Number of protein chains: 2
Amino acid sequence: MEIIVGKNAGFCFGVERAVEIIRKALKKINDDVYSLGPIIHNPQTNEMFEEMGLKMVDSIDEIEKGSLVIRSHGLEPEIIKTAESKGIRIIDATCPLVKKVQDYAELLYKEGYKLFILGDPLHPEIRAVAGFTDNSANVIENENDLKDNIRGCRKVGVVIQTTQILDNYKNVIYKLIKNCDEFRIYNTICDATHERQEETVELARKSDLIIIVGGKNSANTTRLKKVAESIGCVACHIESPDELEKNWFHSVKVVSIVGGASTPEWIVNDTVLRIKEFK
Amino acid sequence: MEIIVGKNAGFCFGVERAVEIIRKALKKINDDVYSLGPIIHNPQTNEMFEEMGLKMVDSIDEIEKGSLVIRSHGLEPEIIKTAESKGIRIIDATCPLVKKVQDYAELLYKEGYKLFILGDPLHPEIRAVAGFTDNSANVIENENDLKDNIRGCRKVGVVIQTTQILDNYKNVIYKLIKNCDEFRIYNTICDATHERQEETVELARKSDLIIIVGGKNSANTTRLKKVAESIGCVACHIESPDELEKNWFHSVKVVSIVGGASTPEWIVNDTVLRIKEFK
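These numbers come from a predicted model, not from an experiment. (Residues numbered from 1 in each chain as written. Chains lettered and ligands numbered in written order. Predicted model: local features only at pLDDT ≥ 70, side-chain atom pairs only at ≥ 80, totals over all residues. Heavy atoms only, no water.)

## Here's the deal with helix H6 (residues 170–178) of chain A
Given 3.6 residues to a turn, an α-helix orients residues that are three or four positions apart in the same direction.
Turning to step 1, where the next piece is worked out: For H6(A), the full list of buried residues reads A:Val172, A:Ile173, A:Tyr174, A:Leu176 and A:Ile177.
Turning to step 2, where the next piece is worked out: Close packing links the buried residues of H6(A) with strand S6 (114–118), strand S7 (138–140), strand S8 (155–160) and strand S9 (182–186) of chain A together with helix H6 (170–178) and strand S9 (182–186) of chain B. (Buried < 20%, exposed > 50% of the residue type's maximum accessible area, 1.4 Å probe, protein only. Helix = DSSP H or I, 4+ residues; strand = E, 2+ residues; numbered from the N terminus. Contact = heavy atoms within 4.5 Å.)

Written out as structure tokens, the structure reads:
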């Protein structure tokens, strides 16, 4: 059995940067350090941070003092303001590419564009981006979300969730253009996401099985599974090598392994070692 | 035989305005009045202007003094400058909607966007618009025109010929968005053109025959023929009622008549009268 590991497996630039910032902060700061929700969509990394002393809470109301880490997904500006007003120190680990989405959304909003954000309304990245438009933006997941909100728009501005696929929004974009006088879009999709998806397509084409390693709640990781399946390859999504089953590899000649943007390299490596045991 | 006349038959707002401006100028000015090329894409109207004294020439080099009329299609700014430097008086009859295309093209060009004009590179409207970008713009008729010119574009700006159909450019627009970081489009298609096309579709659906009246060199008129044919209706394009043939109407129960933006109402009315004779 041939085992191929995707070149893009392992943390993306934004996650690696955030993990480094938070690790350094935890070493340096003696006071309490909090995050709102898990740091990244990877359980093993979050456990490591908790062991280092990070306190994960759900709401800013649960924090009274100390430091607050902003995750790579970013955070709503009103929550940051609330934290600052309580004297809480901010450690900003927002991915610079996510910061761009926030900046462009704010720019378009301030320049009078009616803003549409293409992405998942429940994803923390998008909740934060919407905050930069005083929550006035319309978050669009698919064509069905375009109804009365596109009527009578003169200037339409658009930004996209970094981990989305542009092709999924072709009709949405065209409908928006047809219904306005001016349309301005910033293609804020992250290259790393795109490259990971393209590599997954390429590997799925030459593999009998593809193993997707990463958090089950990671949007970009679960999307890799769909990408592989869309071209007819059998794909299994695991969070940990413990989930691998020997019978998956029966009569498999080529297996490929890819990881999401929040999947540490060591889990990918452990996955390879475990698969080798099945040979 | 039922005869239906399109509600939008007759000059569009821009052509009517231009014809009025030029008619007034010809009455008032005693000196020579020139135009570069025919005033509108309608031979009868152009003959009328020539009878009123208008001199139609091909190049600014042929004019040494007097007045120059800018047609509703607009004119390249460098030609206007040459005329002004010769002391030639300018009578500007550019359609206000075409002026908008020029203004937006100039704005995008000055703000550093790589400009794409969607339209016919040989049409006078588009030649003039391109002039407002120091002729740096890429004129795109269809997908095949997108080659090396879309590589490495950061900021892409787009304007559209007033008489085009947006649907024809769906793939072009999407390809441009995919290949840049920021995409900004002004939908400069004229509503009158759009309404005329929609009406033609509606009439073609309930007619056995559709007569398109207007200049053979008028882009928006010839497009009406294609629009009618695209939904399977027999369509005949005439410049003058003299071209009508009795045998076209054999076994026709419903005939509709539509005119281009540069077709005077009286030619449409004459067409109706002639068809009534065939009854």
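Still more to cover.
## Some thoughts on the pattern of salt bridges
Pairing is possible between side chains that carry opposite charge, provided their charged atoms lie close to one another.
Turning to step 1, where the next piece is worked out: Following the criterion strictly, the structure yields 30 salt bridges over all chains and no others.
Turning to step 2, where the next piece is worked out: The partner of B:Glu182 in a salt bridge is A:Arg184, with the nearest N and O atoms 2.9 Å apart. Placement of B:Glu182 in strand S9 and of A:Arg184 in strand S9 is noted, with the two residues assigned to different chains. For the residue pair B:Glu182 and A:Arg184, the accessibility class agrees, reading buried in each case.
Turning to step 3, where the next piece is worked out: Residues participating in the shared-partner salt-bridge network are A:Glu111, A:Arg184 and B:Glu182. (Salt bridge = Lys/Arg side-chain N within 4 Å of Asp/Glu carboxyl O.)

## Regarding the nonpolar core
Across soluble globular proteins, nonpolar side chains have a tendency to be buried as a group.
Turning to step 1, where the next piece is worked out: Ranked by internal contacts, the top residues of the largest apolar core, which has 40 residues, are A:Phe183 and B:Phe183.
Turning to step 2, where the next piece is worked out: Among the secondary structure elements, those contributing two or more residues to this core are S6, S8, H6 and S9 of chain A together with strand S6 (114–118), strand S8 (155–160), H6 and S9 of chain B.
Turning to step 3, where the next piece is worked out: Every residue in contact with B:Phe183, bar those within four places of it in the chain, is listed here: A:Ile177, A:Phe183, A:Arg184, A:Ile185, B:Val156, B:Val158, B:Ile173, B:Leu176 and B:Ile177. (Core = buried A, V, L, I, M, F, W, Y, C linked by side-chain atoms within 4.5 Å.)

## Re the relation of the copies chain A and chain B
Turning one copy of the chain about an axis and sliding it along that axis gives the other copy, so a rotation and a shift relate them.
Turning to step 1, where the next piece is worked out: For the pair chain A and chain B, the relating rotation is 179°, the translation along its axis is 0.1 Å, and the fit reaches an RMSD of 0.1 Å. What we have between these two chains is a two-fold relation. Within chain A, the C-alpha atom positioned nearest to the axis of rotation is that of A:Arg184, 2.1 Å from it. (Least-squares fit on C-alpha atoms with pLDDT ≥ 70 in both.)

## Some details on the pairing of strand S12 (residues 254–259) of chain A
All names here are of chain A.
Turning to step 1, where the next piece is worked out: Most of S12 is tucked away: six of the six residues are buried.
Turning to step 2, where the next piece is worked out: Both strand S1 (residues 2–5) and S12 contribute to a ladder of four bridges, which runs parallel. Counterpart to Ile3 in the pairing with S12 is Val255.
Turning to step 3, where the next piece is worked out: Sheet topology note: the strand S10 (residues 209–213)/S12 ladder contains five bridges and is parallel. When the bridges of S12 are listed, Leu209 appears paired with Val255. (Pairing = 2+ DSSP bridges.)

## Re the sheet that holds S12(A)
Residue and element names in this part refer to chain A.
Turning to step 1, where the next piece is worked out: With parallel pairing, the four strands of this open sheet are ordered in space as S1-S12-S10-S11. In this open sheet, the two strands that pair with only one neighbour each are S1 and strand S11 (234–238). The average angle at which neighbouring strand axes cross in this sheet is 20°, direction not considered.
Turning to step 2, where the next piece is worked out: Relative to S12, helix H7 (residues 191–206) is tilted by about 170°, and along the sheet it contacts S1, S10 and S12. (Axes fitted to C-alpha atoms, helices over the stretch in contact; angles between N-to-C directions.)

## Regarding the side chain of A:Gln102
All names here are of chain A.
Turning to step 1, where the next piece is worked out: Along the polypeptide, Gln102 turns up in helix H4 (residues 96–110).
Turning to step 2, where the next piece is worked out: A relative accessible area of 2% means that Gln102 is categorised as buried.
Turning to step 3, where the next piece is worked out: Here Lys99 takes part through its side chain, which lies 3.1 Å from a polar atom of the side chain of Gln102.
Turning to step 4, where the next piece is worked out: Not counting residues within four places of it along the chain, the set of residues in contact with Gln102 comprises His73, Gly74, Leu75, Thr94, Ala128, Val129 and Phe132. (Polar contact = N/O pair within 3.5 Å; in protein donor to acceptor, adjacent residues only side chain to side chain.)

## Observations concerning the pairing of S10(A)
All names here are of chain A.
Turning to step 1, where the next piece is worked out: Among the five residues of S10, five are classified as buried, and the element is accordingly described as predominantly covered.
Turning to step 2, where the next piece is worked out: Relative to S11, S10 runs parallel, the two being bridged by five bridges. The residue bridging Ile212 from the neighbouring strand is His237, located in S11.
Turning to step 3, where the next piece is worked out: In the classification by handedness, the crossover that spans S10, the intervening helix H8 (residues 219–230) and the parallel S11 is right-handed. (Right-handed = clockwise from strand over helix to strand, strands pointing away.)

## Here we look at the packing of helix H1 (residues 13–28) of chain B against helix H2 (residues 43–51) of chain B
All names here are of chain B.
Turning to step 1, where the next piece is worked out: Closest axis-to-axis distance for the H1/H2 pair is 10 Å, and the angle between their directions is 20°. Between H1 and H2, the interaxial angle falls into the category roughly parallel. Like other packed secondary-structure pairs, H1 and H2 cross with a definite hand, here left-handed. Residues Val19, Ile22, Arg23 and Leu26 of H1 touch H2, and the partners they reach there are Thr45, Met48 and Phe49.
Turning to step 2, where the next piece is worked out: Across the contact of H1 with H2, the residue classes tally to five nonpolar, one polar and one charged. (Parallel < 35°, antiparallel > 145°, perpendicular 65-115°, else oblique. Left-handed = near helix turned anticlockwise from the far one by under 90°. Nonpolar A, V, L, I, M, F, W, Y, C, P; charged D, E, K, R; others polar.)

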